[in-house]
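Below are the chains, spelled out letter by letter.
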Amino acid sequence: MNIDQLDRTQWRKLFQSSCKYIVKLLPYAIAAFVAMVVVQVRWYTVDSDSYFISGATAQRTYYAVRDMNYDDNEATERLRAEVADGIIGVVVKGHMKSEVGFDDECEILLNRPLDDRILPKELRELLDAASLDTREQIVATVRSIHDDLQRNMNLSADEKDEFIWQRIGLVETNPSSANIIYQILVGLSEGDQKVDPDLTERIKSLAASDIEQTKHIFYAGDRIVNKGEIVTPQLARILKLQGYPEGRFPMTSLVFAVIVACISVLWIRKTMTHVFISTTYHGDWTYSFFLLLLGWLFQIGVIYWGVNGVGVFPVIAMIYLTLPDIGALNCAVAVTLSASIITSGYDVTAFAINAISGCAGAILGISLFKRNYSRSAVWIHVFVLGIAMLGVASVLQWGLTNLMSVRQVAIMFTACLLLSFMVIVLLPLLEILFDIVSPLQLVELTQPSHPLLKRMQVEAPGTYHHSQMVGNLAEAAAEKIGLNPMLLRAGACFHDIGKLKRPQSFIENQISGRNAHDEMSPALSALVILSHVKDGLELADEYRLPSQIKAFIAEHHGTTCLTYFYRKALQAGLKADESQFCYPGPRPRSKETGVLMIADSTEAAARAESANIKGILDLTRLADNVVQSKISTGQLDEVPFTLKDLSDIKAALVSTLRSMYHTRDIKPLKSLPEEQGKEAQDAHGSSNMVAVQNKTAAAKES
């Protein structure tokens, strides 16, 4: 290999590896894209009519959708500011020249000017030298100007001096007397009251802090802001808490929706590991992923019409109608919670209503969709699910918002009615797109008027009867262990359709009594018998049967071998490889096909041993031997049966067989062959014909 070839090989491997990663990541990318689309659809269609912008005029009147307590910081600050503004200044008393009051001081200045408690010595002497009339005029002027100063205490020192000289100039023209008046006022004002700025600020702060936080209560239905009013920051916070969208794109909601979408896909991928029937059927993952996205779209659709709580109920109904119980609940919960989160935006109330009502519907669906044997029954069950979710949503809407009205209930009821019909319409489309089976399709498949079954009734009546008997057994066992009985019935109806190609090669169809295998070699007989599985799959493709039904055809024999013909070939001296006498498989890979294998072999063994069955003990031993034979040959290794499942299956088989053989009164069974005649009944030709002719155990081996 040269370098160029090596490089091409490496690039091919790298490309294949990259493609694998892209395929794995593709569902996450699709889910993230759909989630982003849903968030934007809500923003531009639902939220656009109700969003607000802080600081702008409200475009509508907003009402509270639920009760809420909140701290009104704006009102609190406004009250505190009013209290602080009410304190003009804190007046403090300065140092006094005497301990007497102002009036007494003025009396001393008039009558005893030499008193040393008030004025300095020089000023006392000047005042004493003046006449009594002059002193009276000076004291009167001092008293008047002092009173004016008391009414203007906020003056600064310079302003105070200017104010004093202005007043003196109005009443006194003598410079000497004016100077004495000024000196007396300055001396006396040193003991006057004055405003302390620092203390004033501290008192204002203390007074404001005494105002308690203003609290308001909004009850559901109360008006928050009227149309045309300014949406203040405080009102904006209230509206946001009430679930109203703010007037900027919800980027955080978008990012969160993408995260939830990816988690939902991972959850579906991890929990939906129960592939219904075989690895060739991929409907469980692809279909569940589709339902996840469909649930989001249904939810946003009904929210657009102002309805909460019932958006996902059609998807929940389709989940339970088309998925196994083991995965249906996981899928329903994932769809409900993810749809509630992605489509609710910032509306916490809407999320609560959608999530709780959806989970209630998911739980109710477990028991509601157990039996759906007609189109009307399916519609009734779907509608009942919708009405139940409507009831839960209505109670939540009323309890959380107190805004529930008869009109809203009528809209929700109409939505349930229309969505119920939509489920009936969508089911056939889903069957085609995802190759799944619904109860309606199962009913159609099990009708005797189905083209394949009509052919079987005419061309292979014995095989048709055998299939119906297997269906009775499988259906009883399915009900016992919690599987879908209608699915087992449909699988039983078609598991042997390959015998239509050569019906006379199988004993149940040999009415004339001639055994076609008498004229064949063992290898050819084995080939004819083994080929009915391949022929059945070809017919299934021709008649477009679902993959789930095809799995019953392919797996109902597993890899069991036609031991009788193999031994016959060895006895004839032929060199035979045992693998040429074994079914190609695969072995059963689900409980459904495992149950059908056991029921098929049990019916064959019971018919082969019908002459020897005397009572319930024989039937019990027969069922035990069949199950043990399948276990010992590894046919049930890939089926997740528990011991309890196997015990319940055997009990259901015995109970059903007992009704078939209840009239027999014969001796106890002496012995049973090691393997009960499914092969003989599958040979249904050679080995069972030999059983009729020779009554040997060789005809009854499996």
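Along each chain, the written sequence defines residue order, and numbers are assigned to residues from 1. Owing to the predicted nature of the model, reporting of local features is limited to residues with pLDDT of at least 70; listing and counting of side-chain atom pairs is limited to 80 or more, with chain, interface and lining totals taken over all residues. Side-chain descriptors were evaluated using all non-hydrogen atoms of the structure, hydrogens and water having been removed beforehand.

## Quick notes on the overall build of the protein chain
Moving on, step 1. What the protein chain contains, in helices and strands, is 28 helices and six strands.
Moving on, step 2. Whether a residue is buried, partly exposed or exposed follows from its accessible area with a 1.4 Å probe, protein chains only, as a fraction of its type maximum: under 20%, in between, or over 50%, in that order. The 702 residues of the protein chain split such that 50% are buried.
Moving on, step 3. Partitioning the contacts of the protein chain with sequence separation of at least 6, the portion at a separation of at least 24 is 78%. Helix and strand definitions here come from DSSP, where helices need a minimum of 4 consecutive H or I residues and strands a minimum of 2 consecutive E residues; each element is numbered from the N-terminal end. Should any heavy atoms of two residues lie within 4.5 Å, those residues are counted as being in contact.

## Thoughts on the nonpolar core
Moving on, step 1. Trp296, Met318, Ile319 and Ile342 are the most contacted members of the largest nonpolar core, which has 66 residues in total.
Moving on, step 2. Sorting the residues of this core by element identifies helix H1 (3-46), helix H10 (251-271), helix H11 (283-304), helix H12 (313-322), helix H13 (325-344), helix H14 (348-368), helix H15 (375-401) and helix H16 (406-434) as the ones contributing at least two each.
Moving on, step 3. A per-element tally of this core places H11 first, with 11 residues.
Moving on, step 4. In this structure, isoleucine 342 is in contact with Ala35, Val38, Val39, Ala257, Val260, Ala261 and Trp296, ignoring residues within four places of it in sequence.
Moving on, step 5. Think of a nonpolar core as a cluster: buried Ala, Val, Leu, Ile, Met, Phe, Trp, Tyr and Cys residues, connected wherever their side-chain atoms sit within 4.5 Å. Counting residues in hydrophobic clusters, the runner-up holds 53 residues, among them Tyr464, Leu483, Leu596 and Ile613.

## Examining the side chain of serine 438
Moving on, step 1. Tracing the sequence through the fold places serine 438 in the loop between H16 and helix H17 (439-445).
Moving on, step 2. Accessibility expressed as a relative area gives 0% for serine 438, which makes it buried.
Moving on, step 3. Ignoring any residue separated from it by four or fewer positions in sequence, one finds serine 438 in contact with Leu321, Thr322, Leu427 and Glu431.

## Here we look at the packing of helix H25 (residues 616-632) against helix H26 (residues 643-660)
Moving on, step 1. Interaxial angles span 0 to 180 degrees and are taken between N-to-C directions of axes, which are lines fitted to C-alpha atoms, for helices over the stretch in contact. Orientation of H25 relative to H26, taken along the N-to-C sense of each, is 140 degrees, at an axis distance of 9 Å. The pairing of H25 with H26 is recorded here as oblique in orientation. Where H25 crosses over H26, the handedness of that crossing is right-handed. Within the contact between the two elements, H25 uses Ile616, Leu619, Thr620, Ala623, Asp624, Val627 and Ile631 and H26 uses Leu646, Lys650, Val654, Leu657 and Arg658.
Moving on, step 2. Amino acid classes used here: Ala, Val, Leu, Ile, Met, Phe, Trp, Tyr, Cys and Pro are nonpolar; Asp, Glu, Lys and Arg are charged; the rest, including Gly, are polar. Here the contact of H25 with H26 is built from residues that sort into eight nonpolar, one polar and three charged. Roughly parallel covers angles under 35 degrees, roughly antiparallel covers those over 145, roughly perpendicular covers 65 to 115, and oblique covers all other angles. Note on convention: the crossing is left-handed when the near helix lies turned anticlockwise from the far helix by less than a right angle, right-handed when the turn is clockwise.

## Some points on the UniProt feature "transmembrane region" (unreviewed entry) in the protein chain
Moving on, step 1. Under the UniProt annotation, the feature "transmembrane region" (unreviewed entry) is placed at residues 21-44, 249-268, 289-307, 313-336, 348-366, 378-398 and 410-430.
Moving on, step 2. Helix makes up 100% of residues 21-44 and strand 0%, and the two end C-alpha atoms of the span are 35 Å apart.
Moving on, step 3. As annotated, residues 378-398 has a helix share of 100% and a strand share of 0%, and its two end C-alpha atoms lie 30 Å apart. UniProt positions are given in the numbering used here, feature names are shortened, and annotations may be inferred rather than shown by experiment.

## Thoughts on a positive patch on the surface
Moving on, step 1. For patch detection, residues must exceed 30% relative accessible area and be free of salt bridges, and they are connected within 9 Å for like charges or within 5 Å for nonpolar side chains (Val, Leu, Ile, Met, Phe, Trp, Tyr). Per-residue accessibility takes into account occlusion by the displayed protein chains alone, with areas from the Shrake-Rupley method and a 1.4 Å probe. A pairing counts as a salt bridge when a side-chain nitrogen of Lys or Arg comes within 4 Å of a carboxyl oxygen of Asp or Glu. His is not counted, nor are the chain ends; Lys and Arg add positive charge and Asp and Glu add negative charge. Every charge is mapped to an atom, namely NZ of Lys, CZ of Arg, CG of Asp or CD of Glu. Taken together, the side chains of Lys20, Lys24, Arg269 and Lys270 define a basic patch exposed on the protein surface.
Moving on, step 2. Mapped onto the positive patch, the elements with two or more residues apiece are H1 and H10.
Moving on, step 3. Along the chain, lysine 270 turns up in helix H10.
Moving on, step 4. Residue classification places lysine 270 among the exposed positions, given a relative accessible area of 59%.

## Quick word on the environment of glutamate 212
Moving on, step 1. Tracing the chain through its elements places glutamate 212 in the loop between helix H8 (197-209) and strand E5 (215-218).
Moving on, step 2. On a C-alpha basis, the gap between glutamate 212 and leucine 79 in space is 9.5 Å, while along the polypeptide they are 133 residues apart.
Moving on, step 3. Ignoring any residue separated from it by four or fewer positions in sequence, one finds glutamate 212 in contact with Thr76 and Arg80.

## Re unusual backbone geometry
Working note: non-glycine residues mostly have negative phi, and peptide bonds are mostly trans.
Moving on, step 1. Omega for the peptide link from glycine 585 to proline 586 comes to 5 degrees, which places this bond in the cis form.
Moving on, step 2. For proline 586, the location among the structural elements is in the loop between helix H23 (563-571) and helix H24 (591-608).
Moving on, step 3. Its identity is not glycine, yet aspartate 435 carries a phi of approximately 55 degrees, on the positive side.
Moving on, step 4. Structurally, aspartate 435 is set in the loop between H16 and H17.

## A word on the pattern of salt bridges
Moving on, step 1. Overall, the coordinates contain 16 salt bridges when judged by the stated rule.
Moving on, step 2. For lysine 550, the salt bridge goes to aspartate 541, with nearest N and O atoms at 2.6 Å.
Moving on, step 3. On the accessibility criterion, lysine 550 (21% relative accessible area) is partly exposed.
Moving on, step 4. Owing to a relative accessible area of 47%, aspartate 541 belongs among the partly exposed residues under this scheme.
Moving on, step 5. The partner of glutamate 603 in a salt bridge is arginine 607, with the nearest N and O atoms 3.0 Å apart. Taken together, the residues glutamate 603 and arginine 607, both in helix H24 and four residues apart, mark about one turn of the helix.
Moving on, step 6. By relative accessible area, which is 27% here, arginine 607 ends up partly exposed.

## Re empty space enclosed by the protein
Moving on, step 1. Buriedness of a pocket was judged along seven lines, with at least five required to meet protein on both sides within 12 Å; pockets are open sets of points on a 1 Å grid over the protein atoms alone, cavities are sets where a 1.4 Å probe fits but cannot get out, and lining residues have an atom within 4 Å of a point. Grid points are joined across faces, edges and corners, and a volume is the space filled by probe spheres set on the points. Under the definition given, this model contains three cavities of 30 Å³ or more.
Moving on, step 2. In this structure, the largest cavity is lined by 14 residues; those nearest its centre are Arg42, Asp47, Pro250, Gly345 and Tyr346.
Moving on, step 3. If you list the elements that add at least two residues to the lining of the largest cavity, you get H1 and H13.
Moving on, step 4. Residues belonging to the lining of the largest cavity are distributed by class as follows: seven nonpolar, four polar and three charged.

## Considerations on the side chain of glutamine 468
Moving on, step 1. If you trace the backbone, glutamine 468 turns up in helix H19 (residues 461-481).
Moving on, step 2. For glutamine 468, the residues in contact, after removing those within four places along its chain, are Arg489 and Cys493.

## Considering the layout of surface pockets
Moving on, step 1. Approximately 920 Å³ is the volume found for the largest pocket.
Moving on, step 2. As for the largest pocket, its lining consists of 32 residues, of which Val46, Gly306, Asn308, Asp347 and Gln408 are closest to the centre.
Moving on, step 3. For the lining of the largest pocket, the secondary structure elements donating two or more residues are H1, H11, H14, H15 and H16.
Moving on, step 4. In terms of residue count, H16 provides more of the lining of the largest pocket than any other element does, four residues in total.
Moving on, step 5. In terms of residue class, the lining of the largest pocket is built from 16 nonpolar, 10 polar and six charged.

## Some words on the confidence of the model for the protein chain
Moving on, step 1. Every residue is assigned a pLDDT by the predictor, reflecting its confidence on a scale from 0 to 100. In this model, the protein chain carries a mean pLDDT of 80, and residues with pLDDT of at least 70 account for 84%.
Moving on, step 2. Here residues 93-100 is modelled with pLDDT under 50, and outside its nearest four sequence neighbours on either side it reaches 18 contacts, counting other chains as well.
Moving on, step 3. Across residues 274-283, confidence stays below pLDDT 50; counting only partners more than four residues off in sequence or on other chains, it has 32 contacts.

## Some points on a nonpolar patch on the surface
Moving on, step 1. Residues Met251, Val255, Phe256, Ile259 and Ile263 make up a contiguous nonpolar surface patch of about 480 Å² in total accessible area.
Moving on, step 2. Classification of isoleucine 263 as exposed rests on a relative accessible area of 52%.

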